[in-house]
Every structure is written in C-alpha cells, then in structure tokens.
Amino acid sequence: MRTFSAARYVAMVAAASLVLAGCSSNTSTKSSGSGSGGKRIGVSFDLLNAIRQAEKTSIENAAQAAGYSVVFDVADQDAQKQASQIQDLIQTQKVDAVIVIAQDGQQITASASLAKAHNVPFLAIDRAVADQQDLTFQITGDPVSDGKAVAAEFIAAAKTKPLRVLELVGGLTDQNAIGRRDGFNAALAGQPGVTIVSQVPTDWNPTEALDGTSNALQKDPSINAIYIPSDFLLPS
C-alpha cells in the first residue's frame, strides 16, 4: 500500500502542476493569492477541513517557492458550485493550470473537458475522476488496499474477542469510499471472528453518519466495533 503524508502527497502534484503550467499557452499575468509570479494555478477543493488545509498549504508553499500564485476556491461539498467555480477559474480568471479535489468524481469530467478545450492542464488529486480522458495528471491513493489494511487490524483484534462490526460507508460517487468498502468487505469474507452486522450509508455527511451510528447502536447493542472509512467523520 502506498502511504504518503498529506503534505508529501500534494507536494508531488503541486510540482507537476508548476511544470504543466509553465508549458501552458495561457499568457495571463494577473496575480492573486500566494506568490508573485505571472503564472497562476487555480485550486478547487470539495471542502476545507484539517486535511484539506494541509493540502492547500502544501500547494501554496510549492507555488510560492517557484514564484507562482494560487487562486483558491472551496465548493462546500456542492458539485454544481464547484463546476461554476472551475469555469470562472478557466474562462474569467484565465489561470494557467487547475488542481482539483472533486466533490463528485463523475460530474467533474465536464470541468476537465472545459479545461482541455482551453488548453489548461487539469490535475486531479485525492479522489479519482470517473472518465480520465481529459485529465492531464492524477494522483490518488489505493482505497481498496486501505480497506484491506483496516480489515487486517480487525482480524488481529478478533483473535482475543469476536467483533460485531458497524460499517459506515462513504459517498457512493466517490471511488475512495467504494474502494475502502470493497477492500474491507473482501478481506473479511470468511473470517469467523468478525461479523458485519450493519452497513450505514453516510454520503460523507457527518450528520447522517452520527444519526446512522446512533440508530444502529440502539437497534443492536452487541456492536463492539465500528469501521469509519475517513477521519473526516471522526468528529461526529
């Protein structure tokens, strides 16, 4: 399994974006955000939490070190808002490259096509894009291996005490959520000490996660383990 810290992970794609922006034919010189150079990188995030803040800082630091500037937008978990923001970055602000963490891995393909039509490199990180034909570059983790790694910990714990597991499932438009679910379930198949007694959809919504967990625990007090597919849901 590939394990990169958030800072190292995003530094890789930030470096790639600087190279690609330098190769872009876009000649805009308006500056915004960090850095003082003429080239600008548009960044569009699905949300802004602690992990995303670390990723944002990594991108800004890499850009500033190279003399680039960053124009940053956050979509507040709204796929339509993200599409509108990316359109503005490309067509109005005329950035030289775009880095995206997609709210919806399927809907974001239209934004990638728009970027390609305007000769703007389009880079996806963290969340895979469903149709990758218009992507310039993509860096993601291995969500299936993530799920299997968690399952291995559950199997080890079950050697001393049988586990009855509540499994939370992330948004089903997100390959990270699907992969972590599938890897977890596949690794636990046939394991006598671990039983998944309930699966709760969350759609990456903390309120839904909390309500679903509360309901499941009330319905089955024998649950003694919970699989959470992202630390994004830990506060709830």
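None of the values given here were measured: they were computed from a predicted structure. Each chain carries its own residue numbering, running from 1 in the written order of its sequence. Only residues with pLDDT of 70 or above have their local features reported here, since the model is predicted, and side-chain atom pairs are shown and tallied only from 80 upward, although totals for entire chains, interfaces and linings are computed over all residues. Remark: hydrogens and water are excluded; side-chain values derive from all non-hydrogen atoms of the structure.

**Section: the nonpolar core**
Burial of nonpolar side chains together is a common tendency in soluble globular proteins. Of all hydrophobic cores here, the largest spans 16 residues; its most connected members are Ile86, Ile90, Val98, Val100, Ile108, Phe122 and Leu135. Counting residues in each nonpolar core, the second largest holds 12 residues, with Ile41, Val70, Ala97 and Ile125 among its members. To form a nonpolar core, buried Ala, Val, Leu, Ile, Met, Phe, Trp, Tyr and Cys residues must be joined to one another through side-chain atoms within 4.5 Å. Exposure categories follow from relative accessible area, calculated using a 1.4 Å probe and restricted to protein chains: below 20% of the type maximum is buried, above 50% is exposed, and the middle band is partly exposed.

**Observations regarding the pattern of salt bridges**
Note on definitions: salt bridges are taken to be side-chain nitrogens of Lys or Arg within 4 Å of carboxyl oxygens of Asp or Glu. One pass over the structure, following the stated rule, counts 12 salt bridges. Residues Lys56 and Glu60 are paired through a salt bridge, measuring 2.7 Å at the closest nitrogen-oxygen approach. One end of the pair, Lys56, and the other, Glu60, are both in helix α2 (residues 50-65), 4 residues apart, so they sit about a helical turn from each other. Judged by its relative accessible area of 16%, Lys56 falls in the buried class. Connected through salt bridges with shared partners, the residues Asp46, Arg52, Glu55, Asp126, Arg127 and Asp174 form a single ionic network. The helix count covers DSSP runs of H or I at least four residues long, the strand count covers runs of E at least two residues long, and both are numbered beginning at the N terminus.

**Some thoughts on the sheet that holds strand β4 (residues 122-125)**
At least two bridges found by DSSP between two strands are what make those strands a pair. Taken in spatial order, the 5 strands line up as β2-β1-β3-β4-β5 in an open sheet, and their pairing is parallel. Each edge of the open sheet carries a strand with a single partner, namely β2 (69-74) and β5 (137-139). On average, each strand axis in the sheet is tilted by 15° relative to the strand beside it, whichever way the strands run. Where β4 lies against β5, 3 bridges are found, and the strand directions are parallel. What sits directly across from Ala124, in β5, is Gln138. Most of the contacts of α2 go to strand β1 (residues 40-45), to which it runs at about 175°, and overall it touches β1, β2 and β3 (97-100). Here the axes come from fitting lines to C-alpha atoms, over the contacting stretch only for helices, and the angles between their N-to-C directions go from 0 to 180 degrees. The contact rule is simple, with two residues in contact once any of their heavy atoms fall within 4.5 Å.

**Some words on α2**
Here a helix's expected span is defined as the number of its residues, less one, multiplied by 1.5 Å. End to end, α2 covers 23 Å across 16 residues, agreeing with the expected 22 Å (1.5 Å per residue, within 8%). Within the sequence span of α2, burial applies to Arg52, Glu55, Lys56, Ser58, Ile59, Glu60 and Ala63. In protein, a polar contact means a hydrogen-donor-capable atom and an acceptor-capable atom, both N or O and within 3.5 Å, with residues adjacent in sequence counting only if both atoms are side-chain atoms; elsewhere, any N or O pair within 3.5 Å suffices. A distance of 3.3 Å separates the backbone nitrogen of Ile51 from a side-chain oxygen at the start of α2, and that oxygen is part of Asn49. Where α2 ends, the next residue or the one after it, Gly67, has phi of about 80°, a positive value.

**Details of the confidence of the model for the protein**
The pLDDT score gives, residue by residue, the confidence of the prediction method on a 0 to 100 scale. Scored by pLDDT, the protein has a mean of 87; 84% of the residues are at 70 or more. When the criterion is pLDDT under 50, residues 1-7 qualifies, and its contacts beyond four places in sequence or with other chains add up to 12 contacts. A low-confidence stretch, residues 25-37 (pLDDT under 50), is modelled with 36 contacts involving residues beyond four sequence positions or located in other chains.

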